[in-house]
Amino acid sequence: MDADVAVVGLGSMGSMAAWQLAAAGTDVLAFEQFGIGDRRTAAGGESRALFRALEPRTGPTPLVDRAIQLWEQLEEESGHSLYVRSGTLVIGKRSSARMRALVDLAGGGRGLEVLDHLETRRRYPAHIVGPDDLAVFENQGGALRSEPAVVAAARLAGKRGARFVTGHPVTRIESGPAGVTLEAGGRTYRARKAVVTPGLWTSTLLPELAPHVVTRRCALSWWAANDPALFTPERFPCFVRESAGRARSGAEYFGMPALDGSSVKFAKLDTYGLVAPTDRLDQYLEDAVIETDRARLRESLTGLHDYPHRIHVAMEGFTADGAPVIGPLPGRENVIVAAGFSGGGFRIASAMGEVLAGIATSGTVPESVAGLSVERFAAARS
Ligand SMILES: Cc1cc2nc3c(=O)[nH]c(=O)nc-3n(C[C@H](O)[C@H](O)[C@H](O)COP(=O)(O)OP(=O)(O)OC[C@H]3O[C@@H](n4cnc5c(N)ncnc54)[C@H](O)[C@@H]3O)c2cc1C
C-alpha cells in the first residue's frame, strides 16, 4: 500500500479533504494533474463569494456555518488572509417574491437588515437604486481568496505528512474490496480508499458520471474603479442584483469588492453553455456578452470604468438539479466522489473537506450530505 487514502484532484474540494485527512493523522497521497492552485481549475479567477442566509441559488444550508468556522481556522493555521468579511447584500424589487421572502427571513433577526432605497444609497453610494428597490444586508459572509485558499490547505496537508504527485493526470482508477489502484505518469499506486474530486474533468476520469455531471463555461470580468475607496470590502459588500421582472436566476449579476485595491468583479450568475472538459481553456469572450454586461453594469453601479480590463473564462461541473454528487460511488468499492458543484461550491469547500475525510475514515455518510448520492438520478427516472 502507498497510502491509506488517495485524494485525486487537489482543487477546491480535494485540497480541503487532504488538509482534513492529514490533520487527523491519515496517511495521504494526493494527485493533481497540474500544479497546485492552477488557474484552469474551478477555483481560478481570484475570489469566490460566500453568501450565507442570502445565498441566491440554494438558500441557507447547514454546511455553510461549519464552512465559515473552517475558513477561519484555515486562515489562522496558514497565517494568510483568505476570508474577507465584507458581508453580503441582495438588491431587488420590493415586490419580487425573492425580496419578500428575504424580508420575512430578516424579520426573524439572524443578522439580516432590510434597507430601503434611501438607506441603501446612503450606505452604498455606488449602487444605483430607485424607490421600488430594497436591499437586504447580512453581516456574515464575504469573499474568499480562492486560489490562495487551495494552496494554503495543500501546504498544511503537506506539513502534516501528505505526499503529492503533481503534473500528471490520474488516468485509471480500479477498485475492489482490498483497495484502490491508480495510474498516473506511467506509475501504479495503491491506497485503501480514494477520495475523487475531479471538478469539471469528472466525465473524463469517471465516465459513468458523464450523464450526470456536465461541463459548462462561465466568465468573470473586472472593472476599474474611479475612486477605489468606495469599493473597499468595508464599504462595498459582495452583492447579488436581482433582475427586475425576471424569474430565472440566470438574469442576475453578482459582484465583489475591490480585493486587488482597484477593480470590482461583476459577472452574470448564469453560464455560457456546455463545453467538453479541456486543459486548454479558451479565454475569448464574445463582444456581445461584454456589451450585455456593460449595459447591466451601467444600470446597476456608478463609479466604474465601463469596459472590463480583465476577463477570466472558466469551467465548472454542473448537475441537472444544481446539487453536487457526494458519497461512495456505486460500482467502485472504496471510492468516494464529490463533483458537480454547479457554480456554487467554493463557499462550502472547507466543510466538504471535513465531510469527505469523515466518509473516507469512518465509512459513514453524514446527514448534511445524505440524499446527494448519484443514485438520486436513477431514482428520479424510475
Ligand atoms: C467562474 C466561476 C465563478 C464561481 N463563483 C462562485 C462563487 O462566487 N461562490 C461559490 O461558492 N462558488 C463559486 N463557483 C463554484 C466553485 O468555484 C466550484 O463549485 C468549486 O471550485 C468546485 O470545486 P471542485 O473541487 O469540484 O473543482 P476544482 O476546484 O476544479 O478541482 C478539481 C481538481 O481536480 C484536478 N483533476 C481533474 N482530473 C484529474 C485527474 N484525472 N488527475 C489528477 N487531477 C485531476 C483538477 O486539475 C483540479 O485541480 C464559481 C465557479 C466558477 C467557474
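Taking an unreviewed UniProt entry as the reference, the protein is identified by name as FAD-dependent oxidoreductase belonging to Pseudonocardia eucalypti.

(A) Local environment of the packing of helix α1 (residues 12-23) against helix α8 (residues 349-362). Following both chains from N to C, one finds α1 and α8 inclined at 55 degrees, their axes separated by 7 Å at the closest point. Between α1 and α8, the crossing angle belongs to the class labelled oblique. Crossing handedness for the pair α1 and α8: right-handed. Taken together, the residues of α8 that come into contact with α1 (itself represented by S12, M13, M16, A17, Q20 and L21) are A349, S350, M352, G353, E354, L356, A357, A360 and T361. Grouping the constituent residues of the contact of α1 with α8 by class yields nine nonpolar, five polar and one charged.

(B) Fine view of the nonpolar core. Residues V7, M16, W71, L74, I326, M352 and L356 are the most contacted members of the largest nonpolar core, which totals 48 residues. Of all the secondary structure elements, the ones that give two or more residues to this core are β1 (3-8), α1, β2 (28-32), α2 (62-78), α5 (146-159), β19 (335-339) and α8. Per element, the largest residue contribution to this core is eight residues, and it comes from α8. Excluding anything up to four places from it in sequence, M16 contacts W71, L74, A149, V150, A153, A349, S350 and G353. Ranked by size, the runner-up nonpolar core spans 26 residues in total, among them V165, Y189, A191 and L206.

(C) Expanded view of unusual backbone geometry. The backbone phi angle of E46 is positive, close to 75 degrees, even though this residue is not glycine. Along the chain, E46 falls in the loop between β2 and β3 (48-50). Phi at N334 takes a positive value of approximately 70 degrees, unusual for a residue other than glycine. Tracing the backbone shows N334 in the loop between β18 (325-328) and β19.

(D) Representation of the pattern of salt bridges in the model. Applying the stated criterion across every chain yields a total of 24 salt bridges. Ionic pairing is found between R123 and E113, a salt bridge with its closest N-O pair at 2.4 Å. In this pair, R123 is assigned in helix α4 (residues 117-123) and E113 in strand β6 (residues 112-116), connecting sequence segments ten residues apart. On the accessibility criterion, R123 (24% relative accessible area) is partly exposed. Residue E113 is classed as partly exposed on the basis of its relative accessible area, which comes to 34%. The closest approach of N and O atoms between R294 and D306, which form a salt bridge, is 3.3 Å. Remark: D306 occurs in the loop between α7 (287-300) and β17 (310-318) and R294 occurs in helix α7; sequence separation between them is twelve residues. With relative accessibility at 17%, the residue R294 sits in the buried group. Ionic contacts of the salt-bridge type, sharing partners, join the residues E113, E119, R122 and R123 into one network.

(E) Fine view of the packing of aromatic side chains. Inspection of the entire model under this criterion finds eight aromatic pairs. Their ring planes at 20 degrees and their centres at 5.0 Å tell us that Y253 and F266 sit as a pair that is stacked. Within this pair, whereas Y253 is found in strand β15 (residues 253-256), its partner F266 is found in strand β16 (residues 263-268), the two being separated by 13 residues in sequence. Here the two residues Y253 and F266 agree in accessibility, since each one is buried. Taken together, the ring pairs in this structure connect F231, F236, F239, Y253 and F266 into an aromatic cluster. The side chain of R40 reaches across the aromatic face of F34, ending 3.9 Å from its centre. Between the NZ or CZ atom of R310 and the centre of the ring of W222, over which it lies, the distance is 3.8 Å.

(F) Region of interest: the environment of T41. Positionally, T41 belongs in the loop between β2 and β3. It is 33 Å that separates the C-alpha atoms of T41 and A135, two residues lying 94 residues apart in sequence.

(G) Structural context of the packing of α2 against α8. Axis separation between α2 and α8 bottoms out at 7 Å; the angle between their running directions is 100 degrees. Taken together, the axes of α2 and α8 lie roughly perpendicular to each other. Across the interface between the two elements, L63, R66, A67, L70 and W71 of α2 pack against A349, S350, A351, M352, E354 and V355 of α8. The residue makeup of the contact of α2 with α8, split by class, is eight nonpolar, one polar and two charged.

Conventions and cut-offs
Residues numbered from 1 in each chain as written. Predicted model: local features only at pLDDT ≥ 70, side-chain atom pairs only at ≥ 80, totals over all residues. Heavy atoms only, no water. Axes fitted to C-alpha atoms, helices over the stretch in contact; angles between N-to-C directions. Helix = DSSP H or I, 4+ residues; strand = E, 2+ residues; numbered from the N terminus. Parallel < 35°, antiparallel > 145°, perpendicular 65-115°, else oblique. Left-handed = near helix turned anticlockwise from the far one by under 90°. Contact = heavy atoms within 4.5 Å. Nonpolar A, V, L, I, M, F, W, Y, C, P; charged D, E, K, R; others polar. Core = buried A, V, L, I, M, F, W, Y, C linked by side-chain atoms within 4.5 Å. Buried < 20%, exposed > 50% of the residue type's maximum accessible area, 1.4 Å probe, protein only. Salt bridge = Lys/Arg side-chain N within 4 Å of Asp/Glu carboxyl O. Phe/Tyr/Trp six-rings, centres within 6.5 Å; stacked < 30°, edge-to-face > 60°. Lys NZ or Arg CZ within 6 Å of the ring centre and 35° of its normal.

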